[in-house]
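What the coordinates show
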Amino acid sequence: MKIILDAMGGDNAPLAPVEGAIQAAEQLGVDVVLTGREPDIRACLEQLGRKSLPKGMEIVHTQEVITMEDNPARAFRDKPDSSMTVGLRMLKAGEGDAFVSAGSTGALLSGATLTVGRIRGIRRAALAPVVPSASGGMILIDCGATADCTPEYLLQYAYMGSYYAQKFLGVEKPRVGLLNIGVEPSKGLDLHRETYPLLQKAHGEGRIQFVGNIEGREAICQGVDVLVTDGFTGNIFLKTFEGCALLFAKKLKGMLLSSGKSKVAALLLKDKVAEFKKEFDPGEIGGTALLGISKPVIKAHGSSNAYAFFNAMRQAVSVAQSGIIQDITDNVEYMRLNKAKAGE
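The rules we used
- Residues numbered from 1 in each chain as written.
- Predicted model: local features only at pLDDT ≥ 70, side-chain atom pairs only at ≥ 80, totals over all residues.
- Heavy atoms only, no water.
- 1 Å grid on protein atoms, 1.4 Å probe; cavity = no way out; pocket = protein on both sides within 12 Å on 5 of 7 lines; lining within 4 Å.
- Points joined across faces, edges and corners; volume = space filled by probe spheres on them.
- Helix = DSSP H or I, 4+ residues; strand = E, 2+ residues; numbered from the N terminus.
- Nonpolar A, V, L, I, M, F, W, Y, C, P; charged D, E, K, R; others polar.
- Buried < 20%, exposed > 50% of the residue type's maximum accessible area, 1.4 Å probe, protein only.
- Arc of directions from axis to C-beta.
- Contact = heavy atoms within 4.5 Å.
- Axes fitted to C-alpha atoms, helices over the stretch in contact; angles between N-to-C directions.
- Left-handed = near helix turned anticlockwise from the far one by under 90°.

1. Some words on the layout of surface pockets
Here the second largest pocket defines a volume of roughly 280 Å³. The wall of the second largest pocket is formed by twelve residues, among which Ala-249, Lys-253, Leu-256, Val-273 and Lys-277 lie closest to the centre. Residue assignment for the lining of the second largest pocket shows that the elements contributing at least two residues are helix H9 (231–256) and helix H11 (270–279). Of the residues contributing to the lining of the second largest pocket, the split by class is eight nonpolar, no polar and four charged.

Put into structure tokens, the structure is as follows:
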């Protein structure tokens, strides 16, 4: 298994991705190709006390770096020798089994779509992170890849999210909910009202398990396995969720350290608090797959540290081995709006 890693992407690049890549090569036994400025990468190796690359690792030198200031739609064309662009071209050419980057989400989405390509019949790729829920984990799809969606996009997200939940949450029949402001079929915008019967029909055909509209609170507390929404709403949902988790952790820390008695309690609860923090740490998962792309592309969090990059590469291996791309390819005919309406 060979993983291509954008060594220049993310807030902590290139040190964090280089360190994470070394960990992945040594602990996962994968081959790693680092794309980026070779002098900078080798300087990181020296900083980490390494005189040379570990076995199975190599560097593909690139001159350019795509930054957050670059136009996402044009970045891969404006910077053809960037670490992200070269890495995606290598994936397309079969020179690696998966690609990982913590760089610009918009540039990665555009580059993956136009360079690697979507699965034939899939209208838009989607970001599908796993977020904590009462049932242990929930696939949120989409969380920012496409802000302005159509009913067909959401129908396809429901299918792709279901396959993803089967592979990575181990749920045989994932429960799919449509994020809305109420449970009634008449609630929401035209997008939701038009999407509802499409998901209901797919449920009736036994292709997905659609449980209906669901509000954000119930999605988390009562549990669905796949939460379908447009990228604009999904991104707000995700960022609000992350903010609430940080606020709760801050308040909990203040409460536990407020007095001598509470500090004793804090010591007793130390391991449990650590487990709680770990559950809400995005670095534990490492990133999310761009579902709908014809080869495995993983978007790591922009603030990823070395451990998060290691986990993103571990996830890349899982996606590459899972067969999810084939699952989507084999069933894409049922996800097309004209097919869904015709009952084919």
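The rest of the description comes next.
2. Looking at helix H8 (residues 216–223)
Within H8 the residues assigned to the buried category are Glu-218, Ala-219 and Gly-223. Here the buried residues of H8 occupy an arc of 105° about the axis, which is enough to place them on one side. Looking at H8, the residues exposed on the side facing more than 90 degrees away from the buried face are Arg-217 and Cys-221. If you follow the buried residues of H8, they end up packed against strand E7 (138–141), strand E8 (175–179), strand E9 (209–214) and strand E10 (226–228).

3. Description of the packing of helix H4 (residues 83–92) against helix H5 (residues 105–116)
It is at 10 Å that the axes of H4 and H5 come closest, and there the two elements cross at 35°. Seen along the crossing, H4 lies across H5 with a hand that is right-handed. Contact residues: Met-84, Leu-88, Arg-89, Leu-91 and Lys-92 in H4; Ala-107, Leu-108, Gly-111, Ala-112, Thr-115 and Val-116 in H5. Of the residues belonging to the contact of H4 with H5, the class tally is seven nonpolar, two polar and two charged.

4. Overview of empty space enclosed by the protein
Under the definition given, this model contains two cavities of 30 Å³ or more. Quantified by volume, the largest cavity comes out at close to 60 Å³. In terms of lining, the largest cavity is formed by Ile-119, Ala-289, Leu-290, Leu-291, Gly-292, Ile-293, Lys-295, Pro-296, Val-319, Ile-324, Ile-325 and Ile-328. Where the lining of the largest cavity is concerned, the elements lending two or more residues are strand E11 (287–291) and helix H13 (324–331). Here the residues of the lining of the largest cavity are counted per class, giving ten nonpolar, one polar and one charged.

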